[in-house]
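Chain by chain, the residues run as shown.
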Amino acid sequence: MLRLGLLFLAFCLVGCAPQNPRVLIETEQGDIRIEVFAQTAPLTAANFLRYVDEGRFAGAFFYRVVTMANQPEDTVRIEVIQGGLGFQENEDRLPPIPHETTAETGILHTDGTLSMARSAPGSASSEFFICIGDQAALDFGGRRNPDGQGFAAFGRVVEGMEVVRAIQQRAVDGQMLRQVVRILNVQRLD
C-alpha cells in the first residue's frame, strides 16, 4: 500500500507540475516553436508573454544577425539572430523591465536559448535574440558586456532551429539583414 501511495505521489508531482508555456513564432522563413520558462525567469517571461498575449508583436521582424564573420571590432564573438519591434519608436513597446541575470535564473545561453536584448541592465523591453551554438559570454560574468551582468535568458527553441540558422545565413550589411524577415504571427500554443 505504501508503494502504491508513493507511486501515486510521484505521478501527481510529475503530472501536476505547471507546464511551461509554448509559443509559436510564424515567420516568412518558417515556424519557430519555443518554450518559455515562466517559473524560472518570471519577470522576463511575463514581459515576453505580455507582448504575445496583447498582440504587441504584430509587425515585428528579425533584423539583425551576428556571425563570427561580422564582428571585426569585437574580441568576444557570439552568434545570434535578433528580432522584435526594431529600433524606431513604437506604441506597442512596453516600459523596460528589471534585469534577471543567469546567476539568478540558472538559464544559460546554450544553442536555441531565447534572451532579451539590452543596452544596460534594466533596459530590456521588446527586443529578443536566439542563440546559435553555446554562448557563455552572454551569461552573468561573461565578457560580452563590460558590466558583466550578461543577458536575461527566458526560454528555448523546441522546434525550428533550422529556420533560425537559415535566417542567420541571409545577406547582411554589417550585422543588419538586407531584407528583414517578417514575423507574421506570434501566439501561445497552450
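Bear in mind that the values here come from a model prediction, so they are computed numbers and not experimental data.

Asker: When you look at the side chain of histidine 109 in this model, what are you seeing that I'm missing?
Answerer: Here histidine 109 lies in the loop between helix H3 (102-105) and strand S5 (113-116). Judged by its relative accessible area of 1%, histidine 109 is buried. At 2.8 Å, the side chain of histidine 109 and the side chain of serine 115 are in polar contact. Residue contacts for histidine 109: discarding those within four places in its chain leaves Thr102, Ser115, Phe129, Cys131, Gly133, Asp134, Gln135, Ala136, Leu138, Asp139, Phe151 and Ala153.

Asker: I'm lost on empty space enclosed by the protein in this one. Help?
Answerer: To find the voids left in a structure, one rolls a probe of water-molecule size over its atoms. Within this structure, the stated rule accounts for one cavity of 30 Å³ or more. Along the walls of the largest cavity sit Thr44, Ile97, Pro98, His99, Glu100, Met116, Arg118, Ala120, Gly122, Ser123, Ala124 and Ala152, which together make up its complete lining. Partitioned by chemical class, the residues of the lining of the largest cavity number six nonpolar, four polar and two charged.

Asker: Any chance you could explain the layout of surface pockets here in plain terms?
Answerer: By volume, the largest pocket amounts to about 180 Å³. For the largest pocket, the lining is made up of 13 residues, of which Ala117, Arg118, Ser119, Ser123 and Glu127 are closest to its centre. A class-by-class count of the residues in the lining of the largest pocket yields three nonpolar, six polar and four charged. Roughly 150 Å³ of volume is contained in the second largest pocket.

Asker: Could you clarify how one ought to interpret the nonpolar core in this entry?
Answerer: It is characteristic of soluble globular proteins that their nonpolar side chains tend to be buried jointly. Among the nonpolar cores identified, the biggest contains 38 residues, and Phe48 and Phe62 are the most heavily contacted of them. Among the elements that take part in this core, helix H2 (residues 42-53) stands out by supplying five residues, more than any other. Every residue in contact with phenylalanine 48, bar those within four places of it in the chain, is listed here: Val23, Ile34, Val36, Phe57, Leu114, Phe128 and Phe154. Membership of the second largest hydrophobic core comes to 10 residues, among which are Phe129, Ala137, Leu138 and Phe151.

Asker: Explain the environment of arginine 50 here, please?
Answerer: With respect to the secondary-structure elements, arginine 50 resides in helix H2. For arginine 50, a relative accessible area of 39% puts it in the partly exposed group. Along the backbone, arginine 50 and leucine 94 are 44 residues apart, and their C-alpha atoms lie at a distance of 9.2 Å. Dropping the residues within four chain positions of it, arginine 50 is found in contact with Arg56 and Leu94.

About the cut-offs
- Residues numbered from 1 in each chain as written.
- Predicted model: local features only at pLDDT ≥ 70, side-chain atom pairs only at ≥ 80, totals over all residues.
- Heavy atoms only, no water.
- Helix = DSSP H or I, 4+ residues; strand = E, 2+ residues; numbered from the N terminus.
- Buried < 20%, exposed > 50% of the residue type's maximum accessible area, 1.4 Å probe, protein only.
- Polar contact = N/O pair within 3.5 Å; in protein donor to acceptor, adjacent residues only side chain to side chain.
- Contact = heavy atoms within 4.5 Å.
- 1 Å grid on protein atoms, 1.4 Å probe; cavity = no way out; pocket = protein on both sides within 12 Å on 5 of 7 lines; lining within 4 Å.
- Points joined across faces, edges and corners; volume = space filled by probe spheres on them.
- Nonpolar A, V, L, I, M, F, W, Y, C, P; charged D, E, K, R; others polar.
- Core = buried A, V, L, I, M, F, W, Y, C linked by side-chain atoms within 4.5 Å.

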